[in-house]
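# Commentary on secondary and tertiary structure
Here's the letter readout for the chains.
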Amino acid sequence: MKLIIDTDPGIDDAMAIAYAAAAPEFDLIGLTTVFGNTHVGQSSRNARFLAHKFGLNIPVAQGAAFARGRNAHTPSRHVHGDEGFGDVTEVPEIGANHDLSAAEFLVEMARRHKQDLTVCAVGPLTNIADAMRMDPDFAQNIGQLVIMGGAVFCPGNITEHAEANIYHDAQAADEVFSVAAPTVLVGLDVTLKTLYRTADFEELARHSPEIGGFLRDISRFYLNFYKNVAGLEGCGLHDSTAVIACSHRAMFDVHKTGLKVITNGPEAGATRPDPSRPPLLVCRDVVGEQVVDLFTQRVATLR
Ligand code: BDR
Ligand code: CA
């Protein structure tokens, strides 16, 4: 299947892109970037660097710099480091962004590849909402839209109520959930069951010294954040779990429901079931070890 990852790299984003590069099911045809873990310019620079590092000759189309109705964004430096890769800084500038914006690229690829195209969104949903506004057929053109975001049956991570990707542009997320689309939501309900530990990174680096070693190096900062803030001995494979759900849906227990997003007040960014909305599939459970093992198996093959 053809795959576009809409991303804000980002440590776990880098892991997800590595997984997509390694997994034989995917033909990764491009990356689109969005603000989130970093400023969008840094997301694009990081995405181009990752594509080069993982041996992918693919376009990177830059998207939204801010959430709907905002004109500034504060990156999550305490989670992903100053440049999005933890302690690893001074990411080299490689190549240039595509001429099309992220939303234009998504719309054009959806028209060209139709049902063969999967879009996996692992950052704030601004580009996806923009693509839906730009082309009312966008959502129906594509085979599936798989989103890493939300916390439907569990608490949030950025606030008690909200998961970070949805929180960063709650209005765009609510717009996306109001459109009928073949959507699968991979939220904290499952991604916090896929903990990747220091020993997993060491094993990965042994098999794949260059790329696995790079992922281990950028993740030290992230693992410290999880330990110090959440008391967890490992980091969630958030974005990789969404990429895995694109091809291995049977690994997940899913619940069909409509969703709305609270856009204001203390619960802003919360994802709530809403039967009046078009149904989508919310991943409710997963055997975390299966995700972890598949991730290691596949990424370990990268040289
Ligand atoms: C999501 O937020 C970002 O920090 C991660 O890259 C992931 O996409 C997890 O809540
Ligand atoms: Ca992300």
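Structure first, text after, so check above.
Residues numbered from 1 in each chain as written. Chains lettered and ligands numbered in written order. Predicted model: local features only at pLDDT ≥ 70, side-chain atom pairs only at ≥ 80, totals over all residues. Heavy atoms only, no water.

## Quick word on empty space enclosed by the protein
Applicable threshold: Points on a 1 Å grid over protein atoms alone make up a cavity when a 1.4 Å probe fits among them but cannot get out, and a pocket when they form an open set with protein on both sides within 12 Å along at least five of seven lines; lining residues each have an atom within 4 Å of a point. Grid points are joined across faces, edges and corners, and a volume is the space filled by probe spheres set on the points. Amino acids are sorted into nonpolar (Ala, Val, Leu, Ile, Met, Phe, Trp, Tyr, Cys and Pro), charged (Asp, Glu, Lys and Arg) and polar (every other residue, Gly among them).
Tallying each qualifying case throughout the model produces one cavity of 30 Å³ or more. Estimated volume of the largest cavity: approximately 40 Å³. Together, Val176, Phe177, Val179, Ala180, Ala181, Thr183, Pro278, Pro279 and Leu280 line the largest cavity. Here the lining of the largest cavity is built from residues that sort into eight nonpolar, one polar and no charged.

## Concerning the coordination of the calcium ion (ligand 2)
Stated formally: Coordination here is defined by N, O and S atoms within 2.8 Å of the metal (3.2 Å for Na, K and Ca), and since water is not considered, a site can look incomplete. Under the scheme used here, helices are H or I runs from DSSP no shorter than 4 residues and strands are E runs no shorter than 2 residues, and both carry numbers assigned from the N terminus. Between buried and exposed lies partly exposed: a residue is buried under 20% and exposed over 50% of the maximum accessible area for its type, with that area taken using a 1.4 Å probe on protein chains only.
Coordination of the calcium ion (ligand 2) by the protein is provided by Asp8 (OD), Asp13 (OD), Asp13 (OD), Val122 (O) and Asp239 (OD), with metal-donor distances spanning 2.3 to 2.7 Å. Mapping the donors of the calcium ion (ligand 2) onto the primary sequence yields the spacing D-x4-D-x108-V-x116-D. Here the residue Asp13 occupies a position in helix H1 (residues 11-22), and Val122 occupies one in the loop between strand S4 (117-121) and helix H5 (126-134), the gap between them amounting to 109 residues. The class of Asp13 is buried, set by a relative accessible area of 0%.

## Details of the layout of surface pockets
Here the largest pocket is characterised by a volume of approximately 490 Å³. Lining the largest pocket we find 26 residues, and of these Val79, Asn157, Ala164, Phe225 and Tyr226 sit closest to its centre. Taken together, the elements giving at least two residues each to the lining of the largest pocket come down to H1, helix H3 (77-80), helix H7 (164-168), helix H11 (211-230) and helix H12 (238-247). With five residues, H11 is the largest single contributor of residues to the lining of the largest pocket.

## Regarding the site of ligand 1
Note the cut-off: The cutoff for a nearby residue is simple: one of its non-hydrogen atoms must lie within 4 Å of the molecule or strand. Counting of polar contacts relies on pairs of N or O atoms within 3.5 Å, with two restrictions inside protein: one atom must be capable of donating a hydrogen and the other of accepting it, and residues adjacent in sequence are counted only when both atoms are side-chain atoms. Method for areas: the Shrake-Rupley scheme with a 1.4 Å probe, in which residue coverage is limited to the protein chains shown. For this analysis, a molecule is said to be in a pocket or cavity if more than half of its atoms are within 2 Å of the grid points defining it.
Around ligand 1, the surrounding shell consists of Asp12, Asp13, Asn37, His80, Val122, Met148, Asn157, Glu163, Ala164, Asn165, His238 and Asp239. The side chain of Asp12 places a nitrogen or oxygen atom 2.6 Å from an oxygen atom of ligand 1. Side-chain polar atom of Glu163 to an oxygen atom of ligand 1: 2.4 Å apart, as the coordinates give it. Expressed as a share of its isolated accessible area of 280 Å², the protein-covered part of ligand 1 is 95%. Among the detected pockets, ligand 1 sits in the largest pocket. Among the elements of the structure, H1, H7 and H12 are those that each provide at least two residues to the shell around ligand 1. Residue classes in the shell around ligand 1 are distributed as three nonpolar, five polar and four charged.

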